[in-house]
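# Geometric and topological summary
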Amino acid sequence: MGRLLLGNRKRPRLPRHVVEYEVPKGSGKWYVYFRQKGKKDVRMHGTPGTPEWEENYRRLCAGERPVDKSPQTPIDGTFGWLCQQYMASSKFTDLGKRTRYVRRGILTACMDEIPPGGKKPFRDMPLSRFAPKTVAMLRDGKKGAPEAANGRIKAIRAVFNWATLPEVGYSQTNPARDVQYMKSNNPDGHHTWTIEEVERFEKHHPIGTKAHLALALLLYTGQRRADVVLMGRQHERGGWLRFTQQKNQDTKPVHLEIPIRPELRRVLDASPLGDMVYLVTEFGKPFSFNGFGNWFRDRCVEAGVPGRAHGLRKAAATRLADAGASVHEIMAITGHRTLKEVERYTRAANQKRLAASASKLV
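The structure reproduced in this document is the subject of the present report.

Rules of the game
- Residues numbered from 1 in each chain as written.
- Predicted model: local features only at pLDDT ≥ 70, side-chain atom pairs only at ≥ 80, totals over all residues.
- Heavy atoms only, no water.
- Pairing = 2+ DSSP bridges.
- Helix = DSSP H or I, 4+ residues; strand = E, 2+ residues; numbered from the N terminus.
- Expected span 1.5 Å × (residues − 1).
- Buried < 20%, exposed > 50% of the residue type's maximum accessible area, 1.4 Å probe, protein only.
- Salt bridge = Lys/Arg side-chain N within 4 Å of Asp/Glu carboxyl O.
- Lys, Arg positive; Asp, Glu negative; His and termini not counted.
- Contact = heavy atoms within 4.5 Å.

### Observations regarding the sheet that holds strand β8 (residues 255-259)
Backbone-to-backbone hydrogen bonds pair the strands of a sheet. The strands run either parallel or antiparallel. Pairing within the open sheet is antiparallel, and its 3 strands lie in the order β6-β7-β8. Each having just a single partner strand, β6 (236-237) and β8 make up the two edges of the open sheet. Note: β6 against strand β7 (residues 240-244), 2 bridges, orientation antiparallel. Looking at the pairing, E236 lines up with L241 of β7.

### Details of helix α8 (residues 210-221)
In a regular helix each residue adds 1.5 Å, so 12 residues correspond to 16 Å; α8 covers 16 Å between its end C-alpha atoms and thus fits that length. Counting buried residues in α8 gives 11 out of 12 residues, a clear majority hidden from the surface. Of the residues trailing α8, G222 is marked for its positive phi of about 70°.

### A few points about the pattern of salt bridges
Taken as a whole and assessed by the stated rule, the structure comprises 15 salt bridges. Close ionic contact of R59 with E64 constitutes a salt bridge, the shortest N to O distance being 3.1 Å. For R59, a relative accessible area of 40% corresponds to the partly exposed category. Judged by relative accessible area, E64 falls into the partly exposed class, the value being 42%.

### Digging into the side chain of D227
Take D227: it is sitting in helix α9 (residues 225-228). R224 provides the closest opposite charge to the buried, salt-bridge-free D227, at an N-O distance of 4.2 Å. If sequence neighbours within four positions are ignored, D227 has contacts with T244, Q245 and Q246.

See the structure below:
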C-alpha cells in the first residue's frame, strides 16, 4: 500500500495485512481492517500506533480472532423480540441518525443485562412478565449514573409507546410510563466555561494549534461538536458560514447562516486546516463525532480546565445573553428550535443586570 499524504507530511505505510477503506466513497469516513487470505476481514478499532492497537494487531497476526458476539434471533413475545420489532419500524427509522445510534445502544445494553439472581438476560423475558418493577430494576442497574439510568427509562418508554399504538397492538400497557426518574447529579447540565477557563485553555494551547482552532470554532459559532467537525471552507460565503445542523437533519432540518466573527477569522487564518473540513485527525481525516469529543476532552485535561465541548456552546449562548441579545437573536445563532432552553441564558443575564441596577438604589 502506498504512502498517504497527511498535510505536507507523509504518513508511514500501514503494517502488513492492514488496509483502509473510505465508505461510502467521498464521505470522509475511513475504516481500518485486518485482512488475511482465506479468512474473514476484521475491523480494527482505535488509533493505529497506540499500544492497544499494536497489541490487537499482534494477536491477529498470531491467529487470534475476535469472538462473534452477534445476538441470536429473539424468541417471539419477549422483550428482545419487541425491541427488534421497534427498531425495524418507521417510528424508529424516522428518528435522527444520532438519536437512533444512542437509543439502539441503550436498548441493546438493557437486553443483554441479566437480572440480579437470574440466569437469562432481560431480552428473553416474556412481555407478560415485563412490569414496572422490571423497568425499575434496569434503571437501578445504572445506580450512581442517573443520566444513564434515566436514559434507559426514556428508551423503554419509547418502545412501549410504539407497541401500544392501536395499529401496532403488541402491548396493552406501558410499564415504563410511571417509573420515576433518578435525581440528576448535575441538574444544570454541562459545565459552562468561564472567561478565565477559556483564557487558561488558550494559554496552554496557543493560536496555531489544532486545540485552539477547535475551541474557537465551538465558542465563536455556538454549534454542537457534530456540526463543528464537518465545517470547512466550502461553508464560507462572503464572510458567513452556511450549513445545516446535523441534529434532526433528516426530520426537522435547521439551516443556518451565521457571520464569521473577526476572532474566529484570525484563528482560521493562523491555523493548519484540512482540505474538506477545518479540523482533521493526525492522519488527515475528518474527526468522528465521538472521536472529536474524546480528543477535545484530553486537550481540556492537559490545560487543566473542567469544561468540555458542549460547555462552549453554552458559553457562547451565555455571552450573547450577557451582551443583551434577545431569545430569538440567540436562537438565530445556536439553532435552538424552542424557547425553553435559551430562556435560561437570558433569564440569568437579566437577573444579573437587574441586581446591578437594584444595588445602585441602596
